[in-house]
Structures are given as C-alpha cells and as structure tokens.
Amino acid sequence: MSRFDVLSMRCSACSSDFEAEVYSLVNVGDDPDLKASVMDGTLFVRRCPHCGAANLVRHPVLYHDPSELLMIWLTDGAPASERTAREIFISTPGLEQYTGRLVDSVGDLVEKVKIFDAGLDDAAMEICKYVTKQELGRDVPLKFVRTDGADNEITMTYPEGGQMQIIAVGFNVYEDCRAILGRNPAMQERTRGLVRIDPAWVAQFFG
Ligand SMILES: [Zn+2]
C-alpha cells in the first residue's frame, strides 16, 4: 500500500498557504502506474489552488519496488532518522536481498528510479559519470536520463549557463565501469545496506 501525509505548503508564486496530500510511501508493486509519475516528476508537484502554479513537494518519501527488491528513501536529512532507517533496513527479515538507497533530493530520486528501470547498476553509473566528467574536464552535476537504440547509448544532462546540456556516452563506457566495480570487492561492499551512492561515494575510491 502507498501512503499519504497531508502537508502544509506555501505557494512559491503567490505565497498562499494550502494543504496537499503528498506521498510518504510509494509502493509501485501495489500501484504500478505511480512509477511513470515518479519518472516524469509529476508525483512531486502540487498545483496551488489559488493561482495554479506548480509547486515542488519537499517531503520525505520511501520508494518501494517489491518486484525489483528496491527501496529508495528520500530523506529529511536528519542524521537521527537516517540512523534509525539504516538500523531498520539491516535488521528487518526479508530485506537482506534488497538494494537500499538514500537520496537527498527529488531529482536524485528520479534519477535512481530511471537507472534501475533501465536495468542498470547505480554504482557502476556513478563511476561512469565520474569517468565522463574526467573526459569533459569539468566537475558538472551529471544526471542519467535514459538509454537509447540498439547500442544502448546513454544520455546524460547537466546544467550550464541556465540551460540543460545534453551529452551522449557510449554504453561501452558504462560496461567498463561495471567491470571495475566487479573487480573491486571493497567497492561492492560499500553498496550494501541503506547507503548513498553519489559523487562522494565514488570520490572515496578515486578522489
Ligand atoms: Zn499560488
């Protein structure tokens, strides 16, 4: 079952206060249609009833895909609640086989869901983003968007000069990164439990 909270929101356009039902638990096993609205971001948008402006929901939410054995928690950033969540994750029977991820923003949650939906490994993808940044020669916040075509070419984006830049990365780059991960038990170990797999995770190995 998916679950809701009622959240007090303030419109970013007209400053009106309003209440909105927002998800605290998204279970795409029970509600398969929700996956698409996570991936296109609409699940995290509420319209202001006064002016109609789209407002981004800022609220912790657990994304659960039971068929993929995947849990991604968009946290409130409080260390105490993260510690509790980690302890629950590692001590709850049935979750041993799960992939558990912590993310800090809606954008990071959407990216994770897209990576796993494409059948890819998010740790290998973070290494792939690191390698791609080295090739670009710039430390930009790359985001995975999709894979396309027979060659599975990877599309990534990053913001620059107020615009979204789009770059294509060969799938062979990702495969090389997956091989690096496959040869490195210490890296694999650090993907277990409820963990953040992000640029800082890569930096502890390559930084
Ligand atoms: Zn408004």
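Shown above is the structure to which this text applies.
Note that the coordinates shown come from a computational prediction; the quantities given were computed from them, not determined experimentally.

Caption draft 1: Seen up close, the layout of surface pockets. The volume enclosed by the largest pocket comes to roughly 310 Å³. Glu-126, Lys-129, Ile-197, Asp-198 and Pro-199 are the residues nearest the centre of the largest pocket, which is lined by 21 residues in total. Every element with two or more residues in the lining of the largest pocket is listed here: strand E7 (99–103), helix H3 (106–117), helix H4 (122–136) and helix H7 (199–206). Top element by residues in the lining of the largest pocket is H4. It accounts for five residues. In the lining of the largest pocket, the residues fall into eight nonpolar, one polar and 12 charged.

Caption draft 2: Up close: empty space enclosed by the protein. In this structure the tally under the stated criterion is one cavity of 30 Å³ or more. Lining of the largest cavity is provided by Val-22, Tyr-23, Leu-43, Phe-44, Arg-46, Val-57, His-59, Val-61, Leu-74 and Val-106. Broken down by class, the residue content of the lining of the largest cavity amounts to eight nonpolar, one polar and one charged.

Caption draft 3: Examining unusual backbone geometry more closely. Residue Ser-15 is not a glycine yet carries a positive backbone phi of 65 degrees. Mapped onto the elements, Ser-15 comes out in the loop between strand E1 (3–10) and strand E2 (17–27). Even without being glycine, Asn-152 reaches a positive phi, approximately 55 degrees. The residue Asn-152 is located in the loop between strand E8 (143–148) and strand E9 (153–160) in this model.

The rules behind each value
- Chains are numbered independently. Their residues run from 1 in the order of the written sequence.
- Restriction of local features to residues with pLDDT of at least 70 applies here, the model being predicted, together with a cutoff of 80 or more for giving and counting side-chain atom pairs; totals for whole chains, interfaces and linings are based on all residues.
- By convention in this description, side-chain values take in all heavy atoms of the structure and omit both hydrogens and water.
- A cavity, in this analysis, means grid points on a 1 Å lattice covering only the protein atoms where a 1.4 Å probe fits yet has no way out; a pocket is instead an open set bounded by protein on both sides within 12 Å along at least five of seven lines, and a residue lines either one if it has an atom within 4 Å of a point.
- Grid points are joined across faces, edges and corners, and a volume is the space filled by probe spheres set on the points.
- Numbering of helices and strands starts at the N terminus; helices are DSSP runs of H or I of at least 4 residues and strands are runs of E of at least 2.
- Classification used: nonpolar for Ala, Val, Leu, Ile, Met, Phe, Trp, Tyr, Cys and Pro, charged for Asp, Glu, Lys and Arg, polar for all others including Gly.

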